[in-house]
Amino acid sequence: MAGTRLTLALAQMAVAEKAREANFRRAAEMVAAAARAEASLVLLPELWGCGYSATHFSACADPLGAGLFARMAALAAAYRIAVGGSHIERRGERLYNTFALYGPDGRLWGAYRKIHRFLPLGEGVLAAGDAVGLAETPWGAAGLAVCYDLRFPEVFRMQRNAGVRWLLLVAAWPLSRIAHWHALLRARAVENQTFVVAVNRVGASGETRFGGHSVVLTPQGEVAARAGEDETLLLAEIDLRQADVYREAFPVWAHRRPEAYRLPEGKA
């Protein structure tokens, strides 16, 4: 296994709607910049390739391993850096919002199909995933999640139960609810004693303005790095051993009582 200390890069992109090639060029520039900064991993935001126009999902979709997925893998291999982000996956007759994470050799480390679709922005045309996201990396298992999943703590409890020390989340979270973004991310870090690495896009889709504020949080819920509302490449150095040390010093997980987590008789 690789060491526990690594530099992360969060590509807080200004995604252009329905502009696949322009978005890819910008993503490639940010991946290259992350590699120059000697980051080990760079995250692109949710639906970084085509934006959040549901009417364009089908035209933009690619099978896993082809199209923009293959180009993500190629960027990873070309710059010798792990690359992750979500894109519309075509799988038979179904479309998914899929977070793919590739290693620095271009090999797929993990793919997670978003479980919780955000229906107000048109994700009802997509199929829902049916399994929590995990990816095996040289630094240990990572939990994978996408945007709206953040509001469902059960997902992250399962990932924590699987032993993950870091949670990777890619998002297109609106500026109008950015206070919720900060509160929920911190809660996920504190309650699971994990690093939370969350990248959000900027720019707009129709009347929706996306909020940025990409962030890296420690297992104590402290801010290791945070961006503002403009396009930027956010860098943060973390040491995953910090999660182990904190969990040993404050063993909340050992104090859980799952057998008692039930409603009283007659209240079900």
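Residues numbered from 1 in each chain as written. Predicted model: local features only at pLDDT ≥ 70, side-chain atom pairs only at ≥ 80, totals over all residues. Heavy atoms only, no water.

1. Examining the overall build of the chain
Right, on to step 1. Helices and strands together make up the secondary structure of the chain, namely six helices and 14 strands.
Right, on to step 2. By the compact-globule yardstick of 18 Å for 268 residues, the chain fits well, its C-alpha radius of gyration being 18 Å.
Right, on to step 3. For the chain, the C-alpha atoms occupy an extent of roughly 55 × 45 × 35 Å along the three principal directions.
Right, on to step 4. Each of the 268 residues in the chain was classed as buried or not, and the buried ones make up 53%. (Helix = DSSP H or I, 4+ residues; strand = E, 2+ residues; numbered from the N terminus. Rg over C-alpha atoms; globule rule 2.2 N^0.38 Å. Buried < 20%, exposed > 50% of the residue type's maximum accessible area, 1.4 Å probe, protein only.)

2. Focus on the sheet that holds strand S13 (residues 223–226)
Right, on to step 1. Read from one edge to the other, the open sheet built from six strands follows the order S6-S7-S8-S9-S12-S13, with strand pairing classed as mixed. Edge strands, defined here as strands with exactly one partner in the open sheet, are strand S6 (133–137) and S13. Geometrically, the sheet is characterised by an average inter-axis angle of 15° between neighbouring strands, direction not taken into account. (Pairing = 2+ DSSP bridges. Axes fitted to C-alpha atoms, helices over the stretch in contact; angles between N-to-C directions.)

3. Remarks on the nonpolar core
Right, on to step 1. Counting 48 residues, the largest nonpolar core has Leu8, Trp166, Leu168 and Trp181 as the members making the most contacts within it.
Right, on to step 2. Considering each element in turn, this core owes the most residues, six residues, to strand S8 (residues 166–171).
Right, on to step 3. If we skip the residues at most four places from it in the chain, Trp181 touches Leu150, Leu169, Ala171, Trp173, Ala198, Val199, Asn200, Gly212 and His213.
Right, on to step 4. Grouped together as the second largest cluster of nonpolar side chains are 24 residues, Phe24, Met30, Val31 and Ala34 included. (Core = buried A, V, L, I, M, F, W, Y, C linked by side-chain atoms within 4.5 Å. Contact = heavy atoms within 4.5 Å.)

4. Some details on the environment of Ala225
Right, on to step 1. Considering the arrangement of structural elements, one finds Ala225 in strand S13.
Right, on to step 2. Ignoring sequence-local partners within four residues, the contact set of Ala225 consists of Ser214, Val215, Val216, Leu234, Leu235 and Ala236.

5. Thoughts on the state of the cysteines
Right, on to step 1. Tallying each qualifying case throughout the model produces one disulfide.
Right, on to step 2. What pairs with Cys50 in a disulfide is Cys60, and their sulfur atoms sit 1.6 Å apart. Judged by the sign of its S-S torsion, about 70°, the bond between Cys50 and Cys60 is right-handed. With Cys50 in the loop between strand S2 (41–43) and helix H2 (57–60) and Cys60 in helix H2, this residue pair connects regions lying 10 residues apart in the sequence.
Right, on to step 3. Relative accessible area serves as the criterion here: at 3%, Cys60 is assigned to the buried category.
Right, on to step 4. Cys147 carries a free sulfur, and the closest cysteine sulfur to it, the one in Cys50, is 17 Å from it.
Right, on to step 5. Among the residues examined, Cys147 registers a relative accessible area of 7% and is labelled buried. (Disulfide = S-S within 2.5 Å.)

6. Observations regarding the pattern of salt bridges
Right, on to step 1. Taken as a whole and judged by the stated rule, the model has 16 salt bridges.
Right, on to step 2. Close ionic contact of Glu231 with Arg26 constitutes a salt bridge, the shortest N to O distance being 3.0 Å. Here Glu231, found in the loop between S13 and strand S14 (232–239), pairs with Arg26, found in helix H1 (residues 20–36); they are 205 residues apart in sequence, far enough to count as distant.
Right, on to step 3. Arg241 is paired through a salt bridge with Asp239; the nearest N and O atoms lie 2.8 Å apart.
Right, on to step 4. The exposure class of Arg241 is partly exposed, given its relative accessible area of 47%.
Right, on to step 5. Bridged by salt links that share partners, the residues Arg5, Glu237, Asp239 and Arg241 form one connected network. (Salt bridge = Lys/Arg side-chain N within 4 Å of Asp/Glu carboxyl O.)

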